[in-house]
Each structure stands twice: as C-alpha cells, then as structure tokens.
Amino acid sequence: MREFLIIGSKAKTDKFSLNDLPGAGRIDILCRCVSSAFFLSHDIRRDVNVYLLLLGPPDPPKVIKIVGREVKYMPPDERGIAGLIRKALEVKADESWKKSSPGIYVAKKGLEELLDETASDVYYLREDGEDVRDFETKDGLFVLGDHKGVPRELEEIILSKAKKIIGIPTKSLMAEHCITILHYELDRKQLNS
Ligand SMILES: C[S@@+](CC[C@H](N)C(=O)[O-])C[C@H]1O[C@@H](n2cnc3c(N)ncnc32)[C@H](O)[C@@H]1O
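The paragraphs below set out a description of the structure included in this document. Treat the numbers as computed from the prediction; the structure is a model and nothing was measured.

**Considerations on the environment of Ile81**
As for its position among the elements, Ile81 is in helix H2 (residues 78-89). Along the sequence, Ile81 and Leu30 sit 51 residues apart, while their C-alpha atoms lie 9.1 Å from each other. Setting aside residues up to four positions removed in sequence, Ile81 forms contacts with Cys31, Val34, Ser35, Phe39, Met74, Pro75 and Pro76.

Structure (structure tokens):
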C-alpha cells in the first residue's frame, strides 16, 4: 500500500468557496496532490490512500482520508476534488472516521494520532533526504508539506516516527510533482523486482 500525507498548514477546516481555492489556505495544492497520487490515464491507483491534514481556521486539526480501493465518482480536476473535500467538511467530525462519500472520510485528529494509527512505515519527504533512487522500499506512508513546508513543531513529530528522510535531488519541487516522481521511482522498483 502506498500512502501519502500532505500537511495543509493553512488549509481551511470549514466550508470554502470553490471559486477561490488558493484563498482557502491553498486547498488547490492539496487537490493537485490528490490528483497526482491517484490518477493514471483513464484509471485510478487502487493501492493508494491519501490523508490531508488541515490546520487552518476555524476548527483545526481535521483530516480527510481518501481510500483508493473504495473511492467512486472522483474527478481528476482540482475543482472536482475540492468539491469532495468541501462535502467532507460539512460532516460533523469527531475522533472516529466519518464517511462523507464513497471512499472519503473525515475525522478530528492531529498529526501524532494519525501517524500512530498507520500500519505503514513512515517516510518524510524533504529536499536534503536520501536520494529516492537509493531507497529500497516500494511502499510506505510518505509525508509532504505544502507551499510553506512543514512547521517546525510538526517536523519534530514526523522525525520521531519516520524510518527515513527521502529526497529528490536536486531542486525544491512542488508537492504534487514530488508525488508523481515518487510514484515513478517506486513503480520502476516494483517492475524490476
Ligand atoms: C513546495 S515544497 C515546500 C517549500 C517550502 N518553502 C520549504 O522551505 O519547505 C513542498 C513539500 O514538497 C516536498 N519537497 C519539495 N521538494 C522536494 C525534494 N527535492 N525532495 C523531497 N521532498 C521535496 C517537501 O515535503 C516540502 O515540504
């Protein structure tokens, strides 16, 4: 199972306008990450889960979970994905996962709880990490930041749980591009094993 956790440091935790996704705490970035994580040409990766940690106002933290094996009716475009996130934010969230549409869940959880409940090995994506090409595993939970990167206090939590820091040399990239590259590199490893 390949899993991705993207930290939306300013992402809104309540209803937002679909006409201004950047203004909703850069929900646009999270939507592009979802699209990169799941979509193939005319197909969807069923062996992927995505977690979006929303830390913006008015009610942080909240997590949206998208389960590849279950998800239905998810379009690949930003606005369509944002509509599904917005629908999930209309659900009254508590500590347990509540379904908002097929394969999409919401809960009130922080980073630590989320990392504690995963069965996957945790890897942190950061520019100075070990070259992804030297990285042996094909699966895991991969943690990425948004346009602001990962806030220092959250980075400490990630580092306390992560098996390794992984990097894609040699430039600082957009989070959604990191996901595409990671899929490519891990798919190649799978093909050659
Ligand atoms: C747009 S970057 C964040 C840039 C932000 N200004 C910073 O200083 O952290 C978004 C996220 O993508 C990941 N990322 C970007 N470039 C990367 C690289 N070359 N290798 C590994 N991860 C990368 C990191 O998780 C980062 O937090």
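The structure having been displayed, the exposition proceeds.
**Quick look at the environment of Tyr184**
On the secondary structure map, Tyr184 appears in helix H5 (residues 175-192). The class for Tyr184 is partly exposed, based on a relative accessible area of 43%. Residues Tyr184 and Ile44 lie 140 residues apart in sequence; the distance between their C-alpha atoms is 15 Å.

**Section: the packing of helix H1 (residues 27-38) against H2**
In the contact formed by H1 and H2, the axes pass within 9 Å of each other and the chain directions differ by 105 degrees. When the axes of H1 and H2 are compared, the pair comes out roughly perpendicular. Across the interface between the two elements, Ile27, Asp28, Cys31, Arg32, Val34 and Ser35 from H1 touch Glu78, Ile81, Ala82 and Ile85 from H2. Its residues assigned to classes, the contact of H1 with H2 comprises six nonpolar, one polar and three charged.

Cut-off values and rules
- Residues numbered from 1 in each chain as written.
- Predicted model: local features only at pLDDT ≥ 70, side-chain atom pairs only at ≥ 80, totals over all residues.
- Heavy atoms only, no water.
- Helix = DSSP H or I, 4+ residues; strand = E, 2+ residues; numbered from the N terminus.
- Contact = heavy atoms within 4.5 Å.
- Buried < 20%, exposed > 50% of the residue type's maximum accessible area, 1.4 Å probe, protein only.
- Axes fitted to C-alpha atoms, helices over the stretch in contact; angles between N-to-C directions.
- Parallel < 35°, antiparallel > 145°, perpendicular 65-115°, else oblique.
- Nonpolar A, V, L, I, M, F, W, Y, C, P; charged D, E, K, R; others polar.

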